[in-house]
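If you want the building blocks of each chain, they are given just below.
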Amino acid sequence: MEQEHKRRVRYSGTHPRRFEEKYKEHDPLKYADTVAKVISKGSTPAGMHIPIMVKEILEILQIRPGERGLDATLGYGGHSRKMLERLQGAGHLYALDVDPIEIKKTTERLRQAGYGEEILTVIQTNFANLAEVGNAHGPFDFLLADLGVSSMQIDNPARGFSYKLDGPLDLRLDPEHGTSAAQRLRELIADEFEGMLVENSDEPYAAQIAAEVYRRMRRGMPMDTTSALAEAVEAALAFLPDTKEKRDLVKKTNQRVFQALRIDVNSEFEVLEAFLEALPDVMAPGGRVAILTFHSGEDRLVKKAFKRYYKAGVFSNISQDVIRPTPEECRANGRARSTKLRWAVK
């Protein structure tokens, strides 16, 4: 049966601005030149994710052909692809992702790149289930966990991850399960939301923001979209003098508010704790693990766990200091700036 031709999305002006209009960026194989231009300007093409600290991760993991590894957070598959290259067709990589939308796209890309089931197994599950995965497929010689939200999730307005784009206030990594951010706000009271902002993102204006959000909700103003929440945050900071510094502060405050909600909606701290608890038991003797974190709360959990296992003699070596991306990488990929990398050897 002949496939029905679908007309591409039309847009006004000379360049597409909306996520769904950027058809060239969504098809990197067909429009490689356009994608390369976007990347060269230090931006991430729509629907894509640029892997962070690849060189440093590969140096830590020291992958050898024939080994068994795990990418606990598959995402766009950039890190997995580099690890598969190091296996040189011998060994096996297991890759996990909780996102039912992106996991299908990434699996298809990796299959088209020549990585079949004989060397790559993709499993849709939360990496909190590491113990279960390890029992079925481990032990692993190398492991990677990249705890950042992927760019294709952030950039898609339908996922509700960014205050910059109007869309449903969702923020779930798995939109088919759990409670959306909008529903969470309806379940909480102002004091609970204030506590969340402090605990999850150290928000200095937590009291003002919580008061404004719940004042609006009591007046019948729905807090169901990203724009509605961003407007409430800006209104909460209206008492500050109108300066360029304030505009920058509003942006950073929105980032922290959305981060705090995302952490809560996806139980990110609890997920990481479950992963770290199971980690030593799924590692083979001499196994290496690298973990990328993107805010201080995650990094503290990883640092404490690694130190605890090192003192107990479970890990033979750990990173003494956090590793940061190079200035060159941060200039090329602005989303790398907050990254911290830690490693350990069993």
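*Asks:* Whenever I open this one, the confidence of the model for the protein confuses me. Can you help?
*Replies:* Detail in the predicted coordinates should be disregarded across regions flagged by low pLDDT. Of the residues in the protein, 85% reach a pLDDT of 70 or more, and the chain-wide mean stands at 87. Considering only residues more than four positions removed or in separate chains, one finds that residues 1–5, a stretch of pLDDT under 50, has 0 contacts.

*Asks:* So what exactly am I meant to see when it comes to the pattern of salt bridges here?
*Replies:* Opposite charge on two side chains permits pairing when their charged atoms draw close. All told, the structure shown has 18 salt bridges when counted by the stated rule. Salt-bridge contacts for R172 lead to D170; the nearest nitrogen and oxygen are separated by 2.8 Å. Looking at D170, the relative accessible area reads 12%, which means it is buried. A salt bridge links D299 to R342; the shortest N-O distance between them is 2.6 Å. Of the two residues, D299 is situated in helix α13 (residues 296–311) and R342 in strand β7 (residues 340–345); the sequence distance between them amounts to 43 residues. We classify D299 as buried; its relative accessible area is 8%.

*Asks:* Teacher, can you tell me more about the packing of helix α12 (residues 268–282) against α13 here?
*Replies:* How two helices pack is summed up by the angle between their axes together with the distance between the axes. Contact geometry of α12 with α13 gives a least axis separation of 10 Å together with a crossing angle of 20 degrees. Judged on the interaxial angle alone, α13 and α12 are roughly parallel. The chirality of how α12 crosses α13 is right-handed. Counting all contacts with α12, which are made through E268, F269, L272, E273, L276, E277, L279 and P280, the residues of α13 involved are G297, E298, L301, V302, A305, F306, R308 and Y309. The residue inventory of the contact of α12 with α13, partitioned by class, reads 10 nonpolar, 1 polar and 5 charged.

*Asks:* Can you help me understand the side chain of E212 in this one?
*Replies:* Looking at the element boundaries, E212 is found in helix α9 (residues 206–218). Classification of E212 as buried rests on a relative accessible area of 12%. A distance of 2.7 Å separates the side chain of E212 from the side chain of R216, its partner in a polar contact. Contacts of E212, omitting those with residues within four sequence positions, involve A232, A235 and A236.

*Asks:* Whenever I open this one, the nonpolar core confuses me. Can you help?
*Replies:* Note that soluble globular proteins tend to have their nonpolar side chains buried in a common cluster. Counting 34 residues, the largest nonpolar core has L169, F193, I209, V213, L229 and L261 as its most contacted members. Residue assignment for this core shows that the elements contributing at least two residues are α7 (181–187), α8 (190–201), α9, α10 (226–236) and α11 (244–265). Those residues in contact with I209, other than ones at most four positions away along the chain, are F193, L197, E203, V233, A236, T253 and V257.

*Asks:* Explain the packing of aromatic side chains to me, please; I cannot follow it from the model alone.
*Replies:* Any aromatic ring pair is given by two values, namely how distant the centres are and how the planes are angled relative to each other. Evaluated as defined, the whole model comprises 7 aromatic pairs. Where Y309 meets F315, the ring centres are 5.3 Å apart and the plane angle is 65 degrees; that geometry is what we call edge-to-face. Taken together, the aromatic side chains of F306, Y309 and F315 make up a single cluster linked through ring pairs. Directly above the aromatic system of Y76 lies the positively charged group of R109, at a separation of 3.7 Å from the ring centroid. The ring of Y309 is capped by R308, whose NZ or CZ atom sits 4.9 Å from the centre of that ring.

*Asks:* Which parts of the structure should I look at to understand unusual backbone geometry?
*Replies:* A negative phi angle characterises most non-glycine residues, just as the trans form characterises most peptide bonds. Each neighbour pair has its own omega, and for G138 with P139 the value is 0 degrees, a cis peptide bond. Tracing the backbone shows P139 in the loop between α5 (130–137) and β4 (140–146). If you check the backbone angles, Q62 has positive phi at about 45 degrees while not being a glycine. Secondary-structure assignment places Q62 in the loop between α2 (54–61) and β1 (68–71). Take Q62: its relative accessible area is 45%, and that puts it in the partly exposed class. The phi dihedral of D202 falls on the positive side, at around 50 degrees, and the residue is not glycine. Note on placement: D202 falls in the loop between α8 and α9.

*Asks:* Is there a simple way to think about the sheet that holds strand β6 (residues 317–318) in this case?
*Replies:* Paired through their backbone hydrogen bonds, the strands of a sheet run either parallel or antiparallel. Read across the sheet, 7 strands follow the order β3-β2-β1-β4-β5-β7-β6 without closing on themselves; strand pairing throughout is mixed. The open sheet has two edge strands, β3 (120–124) and β6, and neither has a second partner. In this sheet, β4 lies alongside β1 in parallel orientation, the contact comprising 3 bridges. If you follow G69 over to β4, its bridge partner there is F142. Docked against the sheet, α5 engages β1, β2 (92–97), β3 and β4, running at close to 150 degrees with respect to β4. Sheet contacts for α12: β4 and β5 (283–293); angle to β5, the most-contacted strand, approximately 150 degrees.

Quick notes on the rules
Residues numbered from 1 in each chain as written. Predicted model: local features only at pLDDT ≥ 70, side-chain atom pairs only at ≥ 80, totals over all residues. Heavy atoms only, no water. pLDDT = per-residue confidence, 0-100. Contact = heavy atoms within 4.5 Å. Salt bridge = Lys/Arg side-chain N within 4 Å of Asp/Glu carboxyl O. Buried < 20%, exposed > 50% of the residue type's maximum accessible area, 1.4 Å probe, protein only. Helix = DSSP H or I, 4+ residues; strand = E, 2+ residues; numbered from the N terminus. Axes fitted to C-alpha atoms, helices over the stretch in contact; angles between N-to-C directions. Parallel < 35°, antiparallel > 145°, perpendicular 65-115°, else oblique. Left-handed = near helix turned anticlockwise from the far one by under 90°. Nonpolar A, V, L, I, M, F, W, Y, C, P; charged D, E, K, R; others polar. Polar contact = N/O pair within 3.5 Å; in protein donor to acceptor, adjacent residues only side chain to side chain. Core = buried A, V, L, I, M, F, W, Y, C linked by side-chain atoms within 4.5 Å. Phe/Tyr/Trp six-rings, centres within 6.5 Å; stacked < 30°, edge-to-face > 60°. Lys NZ or Arg CZ within 6 Å of the ring centre and 35° of its normal. Pairing = 2+ DSSP bridges.

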